[in-house]
Amino acid sequence: MNEVVAEYIEHGWKVVPIPTGTKGPRAPGWNTRHGALTSAPALPPNHGVGLMHAYSGTMALDIDDWDKTLQYGIYLDMLYAAPDAVTILSGKPGRGKLLYKMPFGLTLPSKQFKVGATVAFELRCSTMEGRTAQDLLPPSIHPEMAHPYVWGGAGHWSRLPVVPQFILD
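The structure contained in this document is the topic of the report that follows. (Residues numbered from 1 in each chain as written. Predicted model: local features only at pLDDT ≥ 70, side-chain atom pairs only at ≥ 80, totals over all residues. Heavy atoms only, no water.)

Taken in spatial order, the three strands of this open sheet run E1-E2-E8, and their pairing is antiparallel. The sheet terminates laterally at strand E1 (15–19) and strand E8 (134–136), the two strands that pair on one side only. Geometrically, the sheet is characterised by an average inter-axis angle of 40° between neighbouring strands, direction not taken into account. In terms of strand pairing, strand E2 (residues 47–52) meets E8 through three bridges, oriented antiparallel. In the strand pairing of E8, Gly 50 is matched with Leu 136. (Pairing = 2+ DSSP bridges. Helix = DSSP H or I, 4+ residues; strand = E, 2+ residues; numbered from the N terminus. Axes fitted to C-alpha atoms, helices over the stretch in contact; angles between N-to-C directions.)

All right, on to the pattern of salt bridges then. One pass over the structure, following the stated rule, counts eight salt bridges. Note that Asp 62 and Arg 124 form a salt bridge whose closest N and O atoms lie 2.8 Å from each other. With Asp 62 in strand E3 (residues 58–63) and Arg 124 in strand E7 (residues 118–124), this pair connects stretches of sequence that are 62 residues apart. Using a relative accessible area of 9% as the deciding quantity, one classes Asp 62 as buried. The salt bridge involving Lys 92 is made with Glu 144; its shortest N-O contact spans 2.5 Å. Taken together, the residues Lys 92 in the loop between strand E4 (87–89) and strand E5 (96–101) and Glu 144 in the loop between E8 and strand E9 (150–152) connect sequence positions 52 residues apart. The class of Glu 144 is exposed, set by a relative accessible area of 53%. Members of the salt-bridge network, linked through shared partners, are Asp 62, Lys 97, Glu 122, Arg 124 and Asp 135. (Salt bridge = Lys/Arg side-chain N within 4 Å of Asp/Glu carboxyl O. Buried < 20%, exposed > 50% of the residue type's maximum accessible area, 1.4 Å probe, protein only.)

What follows is the structure, given as structure tokens:
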């Protein structure tokens, strides 16, 4: 884990420790810039790592119900098939995550999109107060599936595509 965490940090991403068996950080102040790891050896044992979107210039399109995204005009098959698509796979059916680079300097509050009471997808970047939101990165362990998240898509995590304008709109 330390080798890949070092790569993330060297790439300029801000990452936060995530205890194994959870999907989120537990340390007070984790979502401030001071919560980011400064080196791979600082990652506590038995921890995964989360990408701090607002401080890394990134955002995630987090899919909770693949079919319901169509009601918002989000064609996931097209986005996943893009030649530069970068995805994080958990192995859960009907779920997924696309990662994007934000236009320079832009951060937006995270927003859920529902169909009835069901969350179809979420655009995740920051809080209303401007602090960061996060997503687990490979090879962190998915708490329900009990196996590592993996990278997917035809692109590479170090060369994220810019978020399409229609998603920002």
